[in-house]
Structures are given as C-alpha cells and as structure tokens.
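# Understanding the architecture of this molecule
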Amino acid sequence: MSAGDVKHDYHLVNPSPWPLVGSIAACVMAVGGVIAMKGLFGLPKGDLTVLLAGFAGVLLTMAGWWRDVTVEANQGDHTPVVGIGLRYGMIMFIASEVMFFVAWFWIFFEMALFHGVRTHSGVEEVRNAWATWPPRGVETVPAWNLPLLNTLILLLSGTTVTWAHHALQAGDRRGAKIGLMLTVILGAIFTAVQVYEYDHILKHNYFFGGEGAENSGLYGSAFFMATGFHGFHVLIGTIFLLVCLARLMGTGFTPKQHFGFEAAAWYWHFVDVVWLFLFAFIYVVFGASGGH
C-alpha cells in the first residue's frame, strides 16, 4: 500500500458545485414563486419566467448530483460503511416525510373529533358550520368507488415492486424489469384516477355547493392538501422508479449493489402506507357520514 492509498472505509467526495448551484436555484425558485403570486422587482403578477428558471436549476442539480453519486457507486466508493450512511440518510428523509403527513392528519382529526367544541361559540355562523361533521352542505367522496380502486392499485404496486427487488437480488434482471415496469404503470394509473376524482369533485361541487360553499373551507382545504400532497408523492415515486427502470435497462444495478433501487422501493412502500391511512380515516372513518 503506497502513502497515497486510502486507509479508511469512508469516501471523501471531490469538490462539487451542486450544493451551491442547488441553493441558488432554490432561492431563485422561491423568489419566482413570489413574483408569480404577487409580482416583485417590477415583474407583474403571473410572470413565471423566474419560477421556471429556478425550477430548471433545481432539476439540473438533482440530475447532476445523482449522476455523480451513481458514478461514485460504480467506481467502488460506496463501501459498506458509506452504504450504511446512505441508508440512514434515506431513513431520516422518509421519517421527515412521515411527520409532514402527520400535520395534515392532525388538522383533519382535530376538526373531525372536536368540531363539537366550536358549537359553544357565541357566533351563530360558527355554531351552524360545526354542528355536524363533515360540515353541513358538504357532499363527501364515496370511499368504496374510486378511492377503493386506488387503494387496490397501490397495494398491487407494492407487491410488484417487492417482486422486482427480490428478482434483482436473485440475479433475475428480466423479472426485475417486468416487476418494475408494472409498478411504474400502476403508479401512472393511480395518478390518472386521482386526477379524474379531483375533476369530478370540482365539477359537481362536492365541497362547495349550496351550504357547503359557506361551511366547507377547512374540510376542503384539509382534504385537498392531504390527498393532493400524497398524489404528488406518488408522482415523484413513479419518476424515481422510472429512473431506476432506465438504469436497469442498461447496465446499472447488480444483485449486491443496488441501493438506488432499494431506496426507491422504500419510498414506494412509504407512499403505500400513507395512502392506507388516508383511505381508512379521511375517506372511510371521518369522511363517510354527516352533513348532506
């Protein structure tokens, strides 16, 4: 072993532009969001130029940074110790995402379980709005139609991604490709069904028709934020898996080295579990009765 050889299990990365580029791009995107909503620096409200420029910078950072990590893995820099660090990082990321959804569940549970407390208000409009749950005038989404279909789709996708993972571990690249392809297709179908459901809700004024127009502000906001952000996570997870599929179609991943795919599978299972809670509580337990 020469004096210049590495004598430890850790990988010290080369100087990278991506943290700086990503920070600048995120700042530009945030300012662009303000311009799009309010107008700023002489740019009118609704101008998307700065927002899109920042978003493009974020996408460039993601592609470049993940490419570099993939190159490091292929060069053998991801030793067992480094692999443990990557796994801890993904676990912490998913834990932060769990807490993100806890916030939306919290407000929905608080409104559903303790809405009666607000009936003690001295304001008649408040008493009337919170006399029932869901609020009077709100037509809820039937849990056993499209939501049940999407539940079955996600549960099936959980089995296909697990099949793909085990096939890859066993060296069956063909089986891994088929399982991963099916998972991506099921994720796309889920998104299409949710878009159709949202369109149906808005066209038929489920939450905002009649008395619901006055009483449903919090209900509609909590529903769309919880289910909408989950739908966004499904979209991100589908893209994540699609990138893994593209790598698998090439020479990427081996039975021993495939953490990128493993992380995508963890993320997909997280999305599955969150949906089960959404379906059980927002659609079934706290969304199937009340206020018509």
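On a predicted model such as this, the values are computed, not experimentally measured, just so you know. (Residues numbered from 1 in each chain as written. Predicted model: local features only at pLDDT ≥ 70, side-chain atom pairs only at ≥ 80, totals over all residues. Heavy atoms only, no water.)

This paragraph deals with the overall build of the chain. The secondary structure content of the chain amounts to nine helices and zero strands. Scanning the chain from its N terminus toward the C terminus, one meets helices and strands in the order α-α-α-α-α-α-α-α-α. Counting only contacts in the chain whose residues sit at least 6 apart along the sequence, the fraction spanning at least 24 positions is 73%. Of the roughly 16,200 Å² that the chain leaves accessible, carbon and sulfur atoms contribute 71%. (Helix = DSSP H or I, 4+ residues; strand = E, 2+ residues; numbered from the N terminus. Contact = heavy atoms within 4.5 Å. Areas by Shrake-Rupley, 256 points an atom, 1.4 Å probe, with all protein chains shown as cover.)

The contact between helix H5 (residues 146-169) and helix H6 (residues 173-203) brings their axes to 8 Å, and the two run at 160°. When the axis of H5 is compared with that of H6, the two are roughly antiparallel. Judged by the twist between their axes, the crossing of H5 over H6 is left-handed. (Axes fitted to C-alpha atoms, helices over the stretch in contact; angles between N-to-C directions. Parallel < 35°, antiparallel > 145°, perpendicular 65-115°, else oblique. Left-handed = near helix turned anticlockwise from the far one by under 90°.)

Tallied over the full model, the rule gives 21 aromatic pairs. Cluster of aromatic residues (ring-pair linked, three or more members): Phe93, Phe100, Phe101, Trp104, Phe229, Phe240, Tyr267 and Phe270. (Phe/Tyr/Trp six-rings, centres within 6.5 Å; stacked < 30°, edge-to-face > 60°.)

So, about the layout of surface pockets. Each pocket or cavity is described by its volume, and for the largest pocket that value is around 1,700 Å³. Along the walls of the largest pocket sit 46 residues, with Trp66, Met90, Phe240, Gly260 and Ala263 positioned nearest its centre. Among the secondary structure elements, those contributing two or more residues to the lining of the largest pocket are helix H1 (18-38), helix H2 (49-74), helix H3 (80-114), helix H8 (217-249) and helix H9 (259-285). Grouping the amino acids of the lining of the largest pocket by side-chain chemistry returns 25 nonpolar, 15 polar and six charged. (1 Å grid on protein atoms, 1.4 Å probe; cavity = no way out; pocket = protein on both sides within 12 Å on 5 of 7 lines; lining within 4 Å. Points joined across faces, edges and corners; volume = space filled by probe spheres on them. Nonpolar A, V, L, I, M, F, W, Y, C, P; charged D, E, K, R; others polar.)

What follows is about the nonpolar core. In terms of nonpolar packing, the biggest core is built from 53 residues, with Leu180, Phe207, Phe223, Leu241 and Phe261 touching the most fellow members. Secondary structure elements with two or more residues in this core: H3, H5, H6, H8 and H9. The leading source of residues in this core is H9, at 15 residues. (Core = buried A, V, L, I, M, F, W, Y, C linked by side-chain atoms within 4.5 Å. Buried < 20%, exposed > 50% of the residue type's maximum accessible area, 1.4 Å probe, protein only.)

What follows concerns the confidence of the model for the chain. Confidence along the chain averages 83 in pLDDT terms, with 88% of residues attaining 70 or more. Mean pLDDT values over the elements of the chain span from 54, in helix H7 (residues 212-215), up to 93, in H5. (pLDDT = per-residue confidence, 0-100.)

With that settled, the discussion passes to the pattern of salt bridges. If you walk through the whole model with that rule in mind, you get three salt bridges. The salt bridge partner of arginine 87 is glutamate 262, with a shortest N-O separation of 2.9 Å. One end of the pair, arginine 87, is in helix H3; the other, glutamate 262, is in helix H9, with 175 residues separating them in the sequence. (Salt bridge = Lys/Arg side-chain N within 4 Å of Asp/Glu carboxyl O.)

In this fold, arginine 173 is placed in helix H6. Residue classification places arginine 173 among the partly exposed positions, given a relative accessible area of 25%. Each C-alpha atom, one on arginine 173 and one on proline 255, is 9.0 Å from the other, the two residues being 82 residues apart in sequence. Residues contacting arginine 173, with those up to four places away along its chain left out, are Leu168, Arg247, Leu248, Gly250, Thr251, Gly252 and Phe253.

A few words on the side chain of threonine 183. Within the secondary structure, threonine 183 sits in helix H6. Exposure remark for threonine 183: the relative accessible area of 0% places this residue in the buried category. A polar contact is formed between the side chain of threonine 183 and the side chain of threonine 160, at a distance of 2.7 Å. Not counting residues up to four positions away in its chain, the partners in contact with threonine 183 are Ser157, Thr160, Val161, Leu241 and Trp268. (Polar contact = N/O pair within 3.5 Å; in protein donor to acceptor, adjacent residues only side chain to side chain.)

Moving on, we come to a nonpolar patch on the surface. Together, Trp163, Ile178, Met181, Leu182, Ile185, Ile189 and Met249 line one region of the surface with nonpolar side chains, adding up to about 590 Å² of accessible area. For the nonpolar patch, the leading source of residues is H6, giving five residues. Note that isoleucine 185 resides in helix H6. (Patch = residues over 30% accessible without salt bridge, like charges linked within 9 Å, V, L, I, M, F, W, Y side chains within 5 Å.)

By secondary structure assignment, the location of serine 157 is in helix H5. By relative accessible area, which is 0% here, serine 157 ends up buried. A distance of 2.8 Å separates the side chain of serine 157 from the side chain of tryptophan 268, its partner in a polar contact.

Where H1 meets H2, the closest approach of the two axes is 7 Å, and the angle between their N-to-C directions is 155°. It follows from the interaxial angle that H1 and H2 lie roughly antiparallel. Classified by chirality, the crossing of H2 by H1 is left-handed. Residues Trp18, Pro19, Val21, Gly22, Ala25, Ala26, Val28, Met29, Gly32, Gly33, Ile35 and Ala36 of H1 form the contact with H2, whose participating residues are Val50, Leu51, Gly54, Phe55, Gly57, Val58, Leu60, Thr61, Gly64, Trp65, Arg67 and Asp68. Considered class by class, the residues forming the contact of H1 with H2 number 15 nonpolar, seven polar and two charged.

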